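A look at the structure
Take a look at the letters that make up each chain.
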Amino acid sequence: MTVRTRADLDQLPAYVAGRTVPGSIKLASNEVSGGPLPSVVEAIGQAATEVHRYPDMGTTKLTEALASRLHVAPERIAVGCGSVSLCEQLVLATCTAEDEVVFPWRSFEAYPIITRVAGARQVPVPLTGDHALDLDAMAAAVTPATRLMFVCTPNNPTGTLLRRAELDAFLDRIPSDVLVVLDEAYWEFVTDPDAPDGVEIARNRDNVASMRTFSKAYGLAGLRVGYAVAPEHVAAALRKVCIPFSVNAIAQVAALASLEAQDELKARCDSVVAERVRVRDALLELGYEVPETQANFVWLPLGDRTQAFNEHCLENRVVVRAFVGDGARVTIGLPEENDAFLAAARTFQQ
Ligand SMILES: *Cc1c(COP(=O)(O)O)cnc(C)c1O
C-alpha cells in the first residue's frame, strides 16, 4: 500500500512562476527592477540581528501603522504572508465544500488553484472582448452558494482598470452576505482619476475587502507580506486561519519601513508609469494590440502567436510571461530593460 494523498489534487494545475534565466532580463513576474526602497534595505539589515526571536504573531506595529495611514480600526486589518496567502485565507474563512468562489478569468493565476486547494468550487467568468472584467456576467454568476468574489483591478495579466462608478453599480447588485474582495496588488501604479479606492469602499460597505501587497510597487516580493482591510469579523476570521508566525520578522520591519518611505515610493512609481506609457506607445506604433494598462505591465493578446513570441523574446534574452494560446504579459522594467524588450518586439514577425 502507498500513502494516500487527496485524489482531487491530481487535476490541479501547479502555479507557474515567472522564469529566471541567467544572463537574461526578467520581465516575467511584475517585480520592480529597482530593488527595495533604499531606506528599507538598511532597516532589513538591522532586523537581521533579531531573527533568533519569533516574529510578533499579531504583527502589531505594522497593523497599527496601516490602520493610521488608511483611517480604519486596527481590528479591520489582517496582515498575511503575501496577499496570495490572504487569498487562500479568504477562501478558508468563507467557504466549505459546496460553496462557490466567483472570479474573472483570465486573471490572477492563484485564484483557481487556492480555491481548489481550500476545497471550494470555482466559478470563473470570462473577460470582455476588451480584456476587461465583465461585471455584468460576474454579478449574474452569483448563486445562493456564492460566498466570495475576487475582483482584480487593475487586472493581472491584462492591466485593465475598473472605474469607480461601474464598480459601485456592480457592488449594489451583490447580495450583502457575499464577500467581494478587491485585489489591488497594483494600486500604487494607478494614475486614472476615476479609479476606485478599495480601502475607502471597504470603509463604507459591510461586504467588501481590499487587498494590497508590499510585493509589487514597494519591491518586497521576496519577503512575502501583504494586507487586507476587511469587515471586522472577516479580519478576525482571516487571523484564525492564518498559519502562526507566517509573517516573518524581517518582512514586518521592512513593510513598516516601506510605509515611512513614501517619497521614495512615489519617485519609483512615477518612473514606472512614465516607462509604461513609453513602452505601450512604442508597441502600438509597431502594430501590436495593447489594452490600456494601469499596472506595471502590458498585455499582448497574441492568441496562437503567443508561444512564438515567447520563444523570440527568449532568443533575445528577454523573459516575458506567456500564457500559451492567450497572450503575453510583460513587466515594465528599467529603461534599458524595456529597450531590450522593445528591440525584440520590433524584430518579431507579427
Ligand atoms: C502579485 C499579485 C498578488 C500576490 O502578491 P503577493 O503579496 O506577493 O502574494 C496578488 N494578486 C495579484 C493580482 C497579483 O498580481
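Residues numbered from 1 in each chain as written. Predicted model: local features only at pLDDT ≥ 70, side-chain atom pairs only at ≥ 80, totals over all residues. Heavy atoms only, no water.

Most of the time, phi is negative for any residue but glycine, and the peptide bond is trans. Across the junction of W105 and R106, the peptide omega takes the value 10°, indicating a cis bond. Residue P157 follows N156 across a cis peptide bond; omega there is 15°. With respect to the helices and strands, P157 occurs in the loop between strand 5 (146-152) and helix 6 (164-173). Here the phi dihedral of H71 falls at roughly 55°; this positive angle occurs in a residue that is not glycine. You can see H71 is positioned in the loop between helix 2 (60-70) and strand 2 (77-80). Unusually for a residue other than glycine, H131 sits at a positive phi of about 70°. Owing to a relative accessible area of 15%, H131 belongs among the buried residues under this scheme. (Helix = DSSP H or I, 4+ residues; strand = E, 2+ residues; numbered from the N terminus. Buried < 20%, exposed > 50% of the residue type's maximum accessible area, 1.4 Å probe, protein only.)

With that settled, consider the nonpolar core. Soluble globular proteins tend to pack their nonpolar side chains together in the buried interior. Membership of the largest hydrophobic core comes to 82 residues, with the highest contact counts inside it found for F170, F214, L283 and F341. Leaving out residues up to four positions away in the same chain, F341 has contacts with L27, V279, L283, L300, F309, C313, V318, V320 and V330. Counting 25 residues, the second-largest nonpolar core is a separate cluster that includes L86, V101, L148 and A235. (Core = buried A, V, L, I, M, F, W, Y, C linked by side-chain atoms within 4.5 Å. Contact = heavy atoms within 4.5 Å.)

All right, on to the UniProt feature "modified residue: N6-(pyridoxal phosphate)lysine" (unreviewed entry) in the protein then. Mapped onto this structure's residue numbering, the UniProt feature "modified residue: N6-(pyridoxal phosphate)lysine" (unreviewed entry) falls at K216. Position of K216 among the secondary structure elements: in the loop between strand 7 (208-213) and strand 8 (226-229). Beyond its immediate stretch of four places on either side in the chain, K216 contacts S29, N30, V32, A185, Y186 and F189. (UniProt positions renumbered as here; feature names shortened; annotations may be inferred.)

So, on to the site of the ligand. Taken together, 13 residues form the shell around the ligand, and within it S83, Y186, T213, S215 and K216 come nearest. Here S215 contributes a side-chain N or O atom positioned 2.5 Å from an oxygen atom of the ligand. When the ligand sits alone it has 380 Å² of accessible area, and the protein chains cover 94% of it. Of the residues belonging to the shell around the ligand, the class tally is five nonpolar, five polar and three charged. (Near = heavy atom within 4 Å. Polar contact = N/O pair within 3.5 Å; in protein donor to acceptor, adjacent residues only side chain to side chain. Areas by Shrake-Rupley, 256 points an atom, 1.4 Å probe, with all protein chains shown as cover. Nonpolar A, V, L, I, M, F, W, Y, C, P; charged D, E, K, R; others polar.)

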